[in-house]
Amino acid sequence: MRVAVTGANGLLGGAAVAQLAGAHEVLAIGRGACRLPAGRFSWADADLGDGQTVEAALRAFRADAVLHAGALTDVDGCERDPDAAWRVNVGGSEQVARACRALGARLVAVSTDYVFDGEAGPYGEEDTPNPRGAYARTKRCGEEAALLLAPDRAVARVAVVYSGRPGAKNTFATQVVEKLTRGEPVTAFCDQVVSPTLAESAAAMTLELLLEHDYQGVLHTAGATSLDRVDFAQRVAARFGLRGEIVPVRTADVKLLAPRPLRSALRIDRAAALLRSRPLAIEAALDTFHAQWRSRRAA
């Protein structure tokens, strides 16, 4: 099968390419040079925000299935430049969905817990989104672009994605490890409850949804444990055997350009019932994260 992945330089997209390579004909799509380890896949330099190059790459590849993991995810950056957020998160999703419709390809588009306002989480798939801020609003519009324009499609929502694999970008989880290792304090929100998601677990779930199911609509494919960021940091530290200061702060006490949902944890019961690759509890996810980190340091 010909499978394409957008956002292939990112956390979830990169993990998906690694899991697909060798089992399928794979096109990895990202902006600029490929930052993935060498593997059995092709690379396309294409920009979700330009209105055409991603769609052209998918059509030329003649994709049978597309995992659309690409997005502009800098929450405050989107607030500073809502035009760019719209071009990438909405226009990019339109490109991908149009290509899938023309090709008869199945689409799974990756979205976020930020489509909810965080007033009443944890949220299930049937709860009504109420996005706040440019990032959240454009991701919600991107969901609708996928659901409206692609006949065979699903939207997979994740949250607080992290990975310890070599080359993966820095995240809150990796910052906890690095700062505590250096003896520096870690600041974490005590009033933001989330569903941390290991990238490799999310990749496995979204790829199964893409390649093995005909499920239509929204599915939550986040981690199975809901906790605040202080608790998350403490669990990371404990798994790595690290001591140090984890400083609780409230979101209202930090100058943030874009709003953050405070209780945006996702219910994952539907995914757990549907998928063979089930959402991971935090203990299992951190075991994998720790093993990845050790391999990263040994490389």
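This is a predicted model, so every value here is computed, not measured.

S.K.: What's the story with the overall build of the protein in this structure? I'm lost.
M.R.: Looking only at helices and strands, one finds 10 helices and 13 strands in the protein. Scaling as 2.2 N^0.38, a compact globule of 299 residues should have a C-alpha radius of gyration of about 19 Å, and the protein matches this with 18 Å. Seen along its three principal axes, the alpha-carbon backbone of the protein occupies a region of about 55 × 40 × 40 Å. Buried positions account for 56% of the 299 residues belonging to the protein. Partitioning the intrachain contacts of the protein with sequence separation of at least 6 by distance along the chain shows that 78% fall at a separation of at least 24. Split by element, the accessible area of the protein, about 12,800 Å² in all, is 48% carbon and sulfur. If the 36 positive side-chain charges of the protein are averaged to one point and the 35 negative ones to another, these points end up 3 Å apart.

S.K.: Hey, could you run me through the packing of aromatic side chains in this one?
M.R.: Centre-to-centre distance and the angle between the planes together describe a pair of aromatic rings. Under the defined criterion, the tally for this structure stands at 8 aromatic pairs. With a centroid separation of 4.1 Å and 5 degrees between ring planes, the pair formed by F116 and Y123 is classed as stacked. Of the two residues examined, F116 and Y123, each falls in the buried class. The rings of Y162, F172, F232, F240, F289 and W293 are connected pair by pair, giving a single aromatic cluster. Across from the ring centre of F172, 5.2 Å away, lies the NZ or CZ of R229, which sits over that ring.

S.K.: When you look at the pattern of salt bridges in this model, what are you seeing that I'm missing?
M.R.: When charged atoms on two side chains of opposite charge get close, those side chains can pair. Enumeration over the complete set of coordinates arrives at 20 salt bridges. Between E208 and R276 there is a salt bridge, and its shortest N-O distance comes to 3.9 Å. Linking E208 in helix α7 (residues 199-212) with R276 in the loop between α9 (269-274) and α10 (282-298), this pair joins segments that are 68 residues apart in sequence. The class for E208 is buried, based on a relative accessible area of 3%. With relative accessibility at 56%, the residue R276 sits in the exposed group. For R276, the salt bridge identified is with E212, shortest N-O distance 2.9 Å.

S.K.: So what exactly am I meant to see when it comes to unusual backbone geometry here?
M.R.: Generally, phi is negative for residues other than glycine and the peptide bonds are trans, each holding for most cases. Along the chain, G121 connects to P122 via a cis peptide bond; the corresponding omega equals 5 degrees. With respect to the helices, strands and loops of the structure, P122 is situated in the loop between β5 (106-112) and α5 (134-149). One non-glycine residue, R62, lies in the positive phi region at around 60 degrees. Note that R62 resides in the loop between α2 (53-61) and β4 (65-68). Judged by its relative accessible area of 48%, R62 falls in the partly exposed class.

S.K.: Would you mind showing me how to read the environment of S226 here?
M.R.: By the secondary structure assignment, S226 is in the loop between β11 (217-220) and β12 (227-228). Given the relative accessible area of 40%, S226 is considered partly exposed. Put simply, S226 and P196 are 30 residues apart on the chain and 7.4 Å apart in space, counted from C-alpha to C-alpha. Residues in contact with S226, not counting those within four places in the same chain, are V193, V194, S195 and A265.

S.K.: Would you mind showing me how to read the side chain of H68 here?
M.R.: For H68, the location among the structural elements is in strand β4. By relative accessible area, H68 is classed as buried at 3%. Engagement of the side chain of H68 in a polar contact is seen with the side chain of S93, the distance being 3.1 Å. Contacts of H68, omitting those with residues within four sequence positions, involve T6, L48, G92, S93, V96, L107, V108, A109 and V110.

S.K.: What should I look at first to understand α2 in this one?
M.R.: Every α-helix winds through 3.6 residues per turn, so residues three or four apart in the chain are directed the same way. For α2, the set of buried residues is V54, E55, A57, L58 and F61. The arc that holds the buried residues of α2, viewed along the axis, is 160 degrees, so those residues lie on one side. The secondary structure elements touched by the buried residues of α2 are β1 (2-6), β2 (25-30), β3 (42-45), β4 and α4 (82-103). Downstream of α2 by one or two residues, R62 has phi in the positive range, about 60 degrees.

S.K.: Where do I start with the sheet that holds β5 in this structure?
M.R.: In a beta sheet, neighbouring strands pair by backbone hydrogen bonds and run either parallel or antiparallel. Taken in spatial order, the 7 strands make up an open sheet running β3-β2-β1-β4-β5-β6-β11, and their pairing is parallel. Here the strands that pair on one side only, and so sit at the sheet edges, are β3 and β11. Sheet twist, expressed as the average angle between the axes of neighbouring strands with direction ignored, equals 20 degrees. As judged from the 4 bridges shared by β1 and β4, these two strands associate in the parallel manner. Within the sheet, the bridge partner assigned to A4 lies in β4 and is V66. In the packing of helix α1 (residues 11-20) onto the sheet, contacts are made with β1, β2, β4, β5 and β6 (153-158), and the angle to β1 comes to roughly 160 degrees.

Here is what the cut-offs are and how they apply
Residues numbered from 1 in each chain as written. Predicted model: local features only at pLDDT ≥ 70, side-chain atom pairs only at ≥ 80, totals over all residues. Heavy atoms only, no water. Helix = DSSP H or I, 4+ residues; strand = E, 2+ residues; numbered from the N terminus. Rg over C-alpha atoms; globule rule 2.2 N^0.38 Å. Buried < 20%, exposed > 50% of the residue type's maximum accessible area, 1.4 Å probe, protein only. Contact = heavy atoms within 4.5 Å. Areas by Shrake-Rupley, 256 points an atom, 1.4 Å probe, with all protein chains shown as cover. Lys, Arg positive; Asp, Glu negative; His and termini not counted. Charge placed at Lys NZ, Arg CZ, Asp CG, Glu CD. Phe/Tyr/Trp six-rings, centres within 6.5 Å; stacked < 30°, edge-to-face > 60°. Lys NZ or Arg CZ within 6 Å of the ring centre and 35° of its normal. Salt bridge = Lys/Arg side-chain N within 4 Å of Asp/Glu carboxyl O. Polar contact = N/O pair within 3.5 Å; in protein donor to acceptor, adjacent residues only side chain to side chain. Arc of directions from axis to C-beta. Pairing = 2+ DSSP bridges. Axes fitted to C-alpha atoms, helices over the stretch in contact; angles between N-to-C directions.

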